[in-house]
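Examining the three-dimensional arrangement
One letter stands for each residue in the lines below.
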Amino acid sequence: NRILAPMASIPPIPPPPNKASVLYDNCQGLFKQLAREWSHDCHMERQKVHEPILTQLRLRVPISLRVLVPGAGLGRLAYEIGQAGYECEGTFHLW
């Protein structure tokens, strides 16, 4: 004897997103990330995040070692590490 929930209590399955809205969301996310990583307007935000990393790197890692930045996004942190004199490679993987 199983008691089934009434159909009214089961939420409807949302329709799959159309390709245009997915493409729009991806483009919107790309432009936000581009602004965050490369625009002058986001310099202070980047500095808050990148400067502690660069400081610790300079203190702990000899300049002769290569640096890997996994999840590098659009590559700004890898660029900053390269500008600090390290040989650096940034990677990014889309699932």
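The structure under discussion appears in the preceding block.
The following paragraphs examine the structure supplied in this document. (Residues numbered from 1 in each chain as written. Predicted model: local features only at pLDDT ≥ 70, side-chain atom pairs only at ≥ 80, totals over all residues. Heavy atoms only, no water.)

Helix and strand counts for the protein chain stand at 3 helices and 2 strands. Evaluated residue by residue, the protein chain yields a buried proportion of 17% over its 95 residues. Counted over contacts in the protein chain with a minimum sequence separation of 6, partners at least 24 positions apart contribute 38%. Looking at the protein chain as shown, the accessible area adds up to about 8200 Å², and 63% of this sits on carbon and sulfur atoms. (Helix = DSSP H or I, 4+ residues; strand = E, 2+ residues; numbered from the N terminus. Buried < 20%, exposed > 50% of the residue type's maximum accessible area, 1.4 Å probe, protein only. Contact = heavy atoms within 4.5 Å. Areas by Shrake-Rupley, 256 points an atom, 1.4 Å probe, with all protein chains shown as cover.)

Its place among the elements puts Ser64 in the loop between helix H2 (43–60) and strand E1 (66–69). For the pair Ser64 and Tyr86, spaced 22 residues apart in sequence, the C-alpha to C-alpha distance is 7.1 Å.

Turning to the nonpolar core, a few remarks are in order. Counting residues in hydrophobic clusters, the biggest one holds 9 residues: Leu54, Leu57, Val67, Val69, Ala72, Leu77, Ala78, Ile81 and Tyr86. Broken down by secondary-structure element, the contributors of at least two residues to this core are H2, E1 and helix H3 (76–83). Take this core: its biggest share by element is 3 residues, from H3. With residues near it in sequence (within four places) discarded, Ile81 still touches Leu54, Leu57, Val67, Val69, Tyr86 and Cys88. (Core = buried A, V, L, I, M, F, W, Y, C linked by side-chain atoms within 4.5 Å.)

In this section: the environment of Pro62. Relative to the helices and strands, Pro62 is located in the loop between H2 and E1. Residue Pro62 is classed as partly exposed on the basis of its relative accessible area, which comes to 44%. Separated by 24 residues in sequence, Pro62 and Tyr86 have C-alpha atoms that sit 8.7 Å apart.

Residue position: Arg76 is located in helix H3. For Arg76, a relative accessible area of 13% gives the class buried. Among the polar contacts made by the side chain of Arg76, one reaches the side chain of Glu80 at a distance of 2.7 Å. Sequence-distant contacts of Arg76, that is, excluding residues within four places in its chain, are made with Glu37, Trp38, Arg46 and His50. (Polar contact = N/O pair within 3.5 Å; in protein donor to acceptor, adjacent residues only side chain to side chain.)

Every buried residue of H3 is accounted for by Arg76, Leu77, Ala78 and Ile81. On the buried face of H3, the contacting elements are helix H1 (19–38), H2, E1 and strand E2 (87–90).

To continue, consider the pattern of salt bridges. The full count for this structure, using the stated rule, is 3 salt bridges. For Glu87, the salt bridge goes to Arg66, with nearest N and O atoms at 3.6 Å. One end of the pair, Glu87, is in strand E2; the other, Arg66, is in strand E1, and 21 residues separate them in sequence. The same class applies to Glu87 as to Arg66, namely exposed. The shortest N-O distance in the salt bridge between Glu80 and Arg76 comes to 2.7 Å. With Glu80 and Arg76 both in helix H3 and 4 residues apart, the pair spans about one turn of that helix. (Salt bridge = Lys/Arg side-chain N within 4 Å of Asp/Glu carboxyl O.)

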